[in-house]
Amino acid sequence: MAASPTVPAPASTPDTPVRQTGWIADLTFAVLTVVLFVAVALATGVHNPWDGPIPLALFLGVLLLVRRRWPMTVLLLSVAAVFAYHLTHWSPAGWIWPVAAAYFTAAATSRVRWVVAVGVAQLVYSAVDARWIIDRNLVRYLIHTLGEGLLLAALVAVGLAYAASQRRGDLLREAEYRARAAEERLSVAREVHDIVAHTLAVVGVHLNVAADTLREEPAEAAAALRLAQDVRNRAMKDLNALIALLREGPAGTEPQPDVSSLGALVADARAAGLDVALHEHGDLSTIPAPASVAVHRIVQEALANTLRHSGATAAQVAVGRHPRSVTVEVTDDGKGDPTGGGITDGNGLTGMRERVRALGGTLTAGPAPRGFAVRAEIPVAGSPE
């Protein structure tokens, strides 16, 4: 019987590395702002950098350390600082580029319209403030104004593109999370179905035997009830292991059932009155764990549905280990109804196909010459699949 299913664990979110990367980016922007502003100030003829350029550069750099938390506040304070600097100090340094990181960060938020408004206002004032250049060099004035405008447009565009990429990433992560959650639900549904369906089928047969023989053969009825109780106890153990796995994760749980447990499945079916023959070909102990678990579940589900639906008296189970694949075939001599009265029902067939498909294999189910058959082939290590 089953012990514990393979339920995919939710992927952990690497919050700490993300936060570390964010701080590195913030510090990088801050250092670049300080270094570039001071360097440009010195290159344009400022003789005393401590009288304006360095304090302003340090102020802008410190603001960038909190740009992610308060992007608009950082932008407004940065623009105000540059405005105050130009009012009190003569400098050919630009207006837009010293606060480029603040513009980029704010443009990546939902308040991009306010960012554009602030940028246009600053751009207009910078054009008015630089009107003295016209007296000396009109071309230089045009280049200065156009350059500031293009830089502002580029910063807003890059911020918008970055925000769009972040939204796409969030959507992809959400879709991945939903897919992972759906796979987990399917995995749990398969395990619960396999455990409960097999248990109900075997216990139901024994209860019917007990009911039929209770008066005439009380000893036989008692034996049937004991067998039903044994199967029920194993099923409860399996369900408790499943619940423990869902609550606590795979650590410390029992190993899953595999081909080594096929004998127990066959014994349960025989005890329920079904004449089952088990044929093993090759060294089944070399079957990889995922394929081995899938084989066990396929046989478990097929025999359970044979007992419940087909009215069969005999069944054949054949498992083969081949160089590049594992095959399993379960046939019975029942009604062979492809709509659900044969060896498998709808949910069981779906679960088996999902298991086999997840391992790259194929599964077929349908009427056989003398009943119903389920056949599966699962590729193993060394196969092209």
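Since we're looking at a predicted model, the values are computed, not measured.

### Overview of empty space enclosed by the protein
Here is step 1 of the chain: Enumeration over the complete set of coordinates arrives at 1 cavity of 30 Å³ or more.
Here is step 2 of the chain: Taken as a whole, the largest cavity holds about 30 Å³ of empty space.
Here is step 3 of the chain: In terms of lining residues, the largest cavity is bounded by Thr 33, Leu 60, Leu 64, Ser 78, Pro 98, Val 99, Ala 100, Ala 101 and Ala 102.
Here is step 4 of the chain: At 3 residues, helix H4 (residues 100-107) tops the list of elements feeding residues into the lining of the largest cavity.
Here is step 5 of the chain: Of the residues contributing to the lining of the largest cavity, the split by class is 7 nonpolar, 2 polar and no charged.

### Examining the confidence of the model for the protein chain
Any residue range with low pLDDT should be treated as having predicted coordinates unsuitable for detailed reading.
Here is step 1 of the chain: Of the residues in the protein chain, 76% reach a pLDDT of 70 or more, and the chain-wide mean stands at 77.
Here is step 2 of the chain: Throughout residues 1-15 the model reports pLDDT below 50, and contacts reaching past four residues in sequence, or to other chains, amount to 44 contacts.
Here is step 3 of the chain: Contacts of residues 338-344 to residues separated by more than four positions or lying in other chains number 29 contacts, the stretch itself having pLDDT below 50.

### Some remarks on the packing of aromatic side chains
Here is step 1 of the chain: Following the criterion strictly, the structure yields 2 aromatic pairs and no others.
Here is step 2 of the chain: When the centroid spacing of 6.4 Å and the interplanar angle of 50 degrees are considered together, the rings of Phe 29 and Phe 104 count as tilted. Taken together, the positions of Phe 29 in helix H1 (residues 15-43) and Phe 104 in helix H4 put the pair 75 residues apart, joining distant regions of the chain.
Here is step 3 of the chain: By relative accessible area, which is 30% here, Phe 29 ends up partly exposed.
Here is step 4 of the chain: Ring geometry for Phe 104 against Tyr 162: centres 5.5 Å apart, planes inclined by 55 degrees, an arrangement best described as tilted.

### Details of helix H9 (residues 262-271)
Here is step 1 of the chain: Regarding H9, the residues found buried are Leu 262, Leu 265, Val 266, Asp 268 and Ala 269. Taken end-on, H9 shows its buried residues confined to a sector of 160 degrees, consistent with a single buried face.
Here is step 2 of the chain: Gly 273, located one to two residues past H9, shows a positive phi value of around 105 degrees.

### Description of the packing of helix H2 (residues 53-64) against helix H3 (residues 71-88)
Here is step 1 of the chain: Viewed as axis vectors pointing N to C, H2 and H3 meet at an angle of 175 degrees, and their least axial separation amounts to 10 Å. When the interaxial angle is binned, H2 and H3 end up roughly antiparallel. Contact residues: Pro 53, Leu 56, Phe 59, Leu 60, Leu 63 and Leu 64 in H2; Val 74, Leu 77, Ser 78, Ala 81, Val 82 and Tyr 85 in H3.

### Re the side chain of Asp 332
Here is step 1 of the chain: Residue placement: Asp 332 occurs in strand E3 (residues 325-332).
Here is step 2 of the chain: No salt bridge forms around the buried Asp 332; measuring N to O, its nearest opposite-charge neighbour Arg 370 is 9.6 Å away.
Here is step 3 of the chain: One polar contact links the side chain of Asp 332 to the main-chain amide nitrogen of Gly 334, over a distance of 3.0 Å.

### Re the packing of H9 against helix H10 (residues 289-310)
Here is step 1 of the chain: At a closest axis distance of 10 Å, the pairing of H9 and H10 adopts a crossing angle of 5 degrees. It follows from the interaxial angle that H9 and H10 lie roughly parallel. Contacts from Leu 262, Leu 265, Val 266 and Ala 269 in H9 reach His 296, Val 299, Gln 300, Leu 303 and Leu 307 in H10.
Here is step 2 of the chain: Of the residues contributing to the contact of H9 with H10, the split by class is 7 nonpolar, 2 polar and no charged.

### Observations regarding H2
Here is step 1 of the chain: Here H2 contains 12 residues, and its C-alpha end-to-end distance of 17 Å stays within 8% of the 16 Å for a straight helix at 1.5 Å per residue.
Here is step 2 of the chain: Among all positions of H2, only Pro 53, Ile 54, Leu 56, Ala 57, Leu 60, Gly 61, Leu 63 and Leu 64 are buried.

### Comments concerning the sheet that holds strand E4 (residues 362-368)
Here is step 1 of the chain: With respect to topology, 5 strands assemble into an open sheet ordered E1-E2-E3-E5-E4, the strand pairing being mixed. Edge positions in the sheet fall to strand E1 (275-281) and E4, since each has one partner strand and no second. Between one strand axis and the next, the sheet turns by 10 degrees as a mean value, whatever way the strands run.
Here is step 2 of the chain: Pairing geometry for E1 and strand E2 (residues 314-321), over 7 bridges, is parallel. What sits directly across from Asp 275, in E2, is Ala 314.
Here is step 3 of the chain: Contacting E1, E2, E3, E4 and strand E5 (371-379), H10 crosses the sheet at an angle of about 5 degrees to E3.

Criteria and cut-off values
- Residues numbered from 1 in each chain as written.
- Predicted model: local features only at pLDDT ≥ 70, side-chain atom pairs only at ≥ 80, totals over all residues.
- Heavy atoms only, no water.
- 1 Å grid on protein atoms, 1.4 Å probe; cavity = no way out; pocket = protein on both sides within 12 Å on 5 of 7 lines; lining within 4 Å.
- Points joined across faces, edges and corners; volume = space filled by probe spheres on them.
- Helix = DSSP H or I, 4+ residues; strand = E, 2+ residues; numbered from the N terminus.
- Nonpolar A, V, L, I, M, F, W, Y, C, P; charged D, E, K, R; others polar.
- pLDDT = per-residue confidence, 0-100.
- Contact = heavy atoms within 4.5 Å.
- Phe/Tyr/Trp six-rings, centres within 6.5 Å; stacked < 30°, edge-to-face > 60°.
- Buried < 20%, exposed > 50% of the residue type's maximum accessible area, 1.4 Å probe, protein only.
- Arc of directions from axis to C-beta.
- Axes fitted to C-alpha atoms, helices over the stretch in contact; angles between N-to-C directions.
- Parallel < 35°, antiparallel > 145°, perpendicular 65-115°, else oblique.
- Lys, Arg positive; Asp, Glu negative; His and termini not counted.
- Salt bridge = Lys/Arg side-chain N within 4 Å of Asp/Glu carboxyl O.
- Polar contact = N/O pair within 3.5 Å; in protein donor to acceptor, adjacent residues only side chain to side chain.
- Expected span 1.5 Å × (residues − 1).
- Pairing = 2+ DSSP bridges.

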